[in-house]
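Given next are the chains, with one letter for each unit.
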Amino acid sequence: MKEILLIIFLQISLTACSQKNETQNIKSNKHIEYDKEGNISVEGYLKDQKKHGVWKFYNNKKLVDVKKFNEDTLQYVLDVNDYNYKGVIIKKINSIIPLPENWETNLNFENPNTLLTSVKKCETESYCPNIIVTSEEQTSSSLEKHVNDFKNQIINNYKDVKILELKKNPLSKEESFQMKYSYTHNNIELIYIIFWMKDNKNITTFCGSCEKVDYTKYSYLFYEIGNSIKKIKNN
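A brief report on the enclosed structure follows. (Residues numbered from 1 in each chain as written. Predicted model: local features only at pLDDT ≥ 70, side-chain atom pairs only at ≥ 80, totals over all residues. Heavy atoms only, no water.)

Glancing now at the layout of surface pockets. Empty space within the largest pocket amounts to approximately 540 Å³. S172, E174, M197, I229 and K230 are the residues nearest the centre of the largest pocket, which is lined by 18 residues in total. Counting residues per element, the ones that place at least two in the lining of the largest pocket are β14 (188-199) and β16 (230-231). Sorting elements by how many residues they give to the lining of the largest pocket places β14 first, with 4 residues. Its residues placed into classes, the lining of the largest pocket shows 5 nonpolar, 7 polar and 6 charged. (1 Å grid on protein atoms, 1.4 Å probe; cavity = no way out; pocket = protein on both sides within 12 Å on 5 of 7 lines; lining within 4 Å. Points joined across faces, edges and corners; volume = space filled by probe spheres on them. Helix = DSSP H or I, 4+ residues; strand = E, 2+ residues; numbered from the N terminus. Nonpolar A, V, L, I, M, F, W, Y, C, P; charged D, E, K, R; others polar.)

Take the sheet that holds β16 next. The antiparallel open sheet is built from 3 strands, whose spatial order is β7-β8-β16. In this open sheet, the two edge strands, each paired with only one partner strand, are β7 (85-90) and β16. Of the pairings in the sheet, the one linking strand β8 (residues 95-100) to β16 comprises 2 bridges and is antiparallel in character. Counted as the bridge partner of S95 is K231 from β16. (Pairing = 2+ DSSP bridges.)

Okay, the packing of aromatic side chains next. If you walk through the whole model with that rule in mind, you get 9 aromatic pairs. Each ring, one from F195 and one from F206, has its centre 6.0 Å from the other, and the planes form 55°; the classification is tilted. Residue F195 is found in strand β14, and its partner F206 is found in strand β15 (residues 202-211); the two are separated by 11 residues along the sequence. Like F206, F195 is buried. Taken together, the ring pairs in this structure connect Y83, Y85 and Y220 into an aromatic cluster. (Phe/Tyr/Trp six-rings, centres within 6.5 Å; stacked < 30°, edge-to-face > 60°. Buried < 20%, exposed > 50% of the residue type's maximum accessible area, 1.4 Å probe, protein only.)

Further remarks concern the nonpolar core. Y83, I97, L116, I131, V133, F206 and F222 are the most contacted members of the largest nonpolar core, which totals 30 residues. Elements supplying a minimum of two residues to this core: β5 (62-70), β7, β8, β10 (114-119), β11 (130-137), β14, β15 and α3 (215-226). At 7 residues, α3 tops the list of elements feeding residues into this core. Leaving out residues up to four positions away in the same chain, I97 has contacts with K86, G87, V88, I90, L116, V133, F206, I225 and I229. (Core = buried A, V, L, I, M, F, W, Y, C linked by side-chain atoms within 4.5 Å. Contact = heavy atoms within 4.5 Å.)

Attention now goes to the sheet that holds strand β9 (residues 104-106). Here we have 7 strands laid out as an open sheet, ordered β9-β10-β11-β15-β14-β13-β12, and antiparallel in their pairing. The strands lining the two open edges of the sheet, one partner per strand, are β9 and β12 (162-168). For this sheet the average axis-to-axis angle between neighbouring strands, irrespective of direction, equals 15°. Judged from the 3 bridges that link them, β9 and β10 form a sheet pairing that is antiparallel. Across the sheet, E104 pairs through a bridge with V119, a residue of β10. With respect to the sheet, helix α2 (residues 143-157) is in contact with β11, β12, β13 (176-185), β14 and β15, its orientation differing from that of β13 by roughly 5°. (Axes fitted to C-alpha atoms, helices over the stretch in contact; angles between N-to-C directions.)

Side-chain pairs of opposite charge can arise whenever the charged atoms involved come near each other. According to the stated counting rule, one finds 11 salt bridges in the structure shown. In this structure, E43 engages K30 in a salt bridge whose closest nitrogen and oxygen atoms are separated by 3.7 Å. Here E43 is found in strand β2 (residues 40-47), whereas its partner K30 is found in strand β1 (residues 29-34), with 13 residues between them in sequence. With a relative accessible area of 16%, E43 lands in the buried category. (Salt bridge = Lys/Arg side-chain N within 4 Å of Asp/Glu carboxyl O.)

Encoded structure:
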């Protein structure tokens, strides 16, 4: 089953996106400004009292601008549409996930372990940023072993894979791991960000990927969404 899911991560994302090393410092100081009505007008993070990472700007509750800074130096003006989210319900895991409204989202698959794919509509990129969510029954003795088995499989099966990060997810209250790795396909170097989350007897996996050259544009988006999957509270 793990081999099937491994193929899903590498093949679905490559198929979907062929349709046409810096992470937000979460431990930095959060900065929020409000307008006269008490609504958030600006939010972002400060590092040594300088704008650092992704900053969002609002006008009358509407998100109007998203920018990426490196210690007060503007790096990118990001696509504001990527940060206008819609909540998508995944019934199988009784959860809701925020996804960019203008990305193409699919919830219907023959493989029951594939729950969702969401792909950015892009015309100029050779690989479109995308998100995949899967769920499978845990067969390993622990979540950590499951993660390490996955890591070893991609290293053994794909010679161009480079593991860039593997650790417990510091932002999750539940048992969770995150991994970042690169993989070269058709001379395009891709970056994958994966979150594994234990859900009773199952393991839910979130995977976001993009071209390496675009990583600093999309890394915060993937980390924000991956850490925002929430269980639906039953009344």
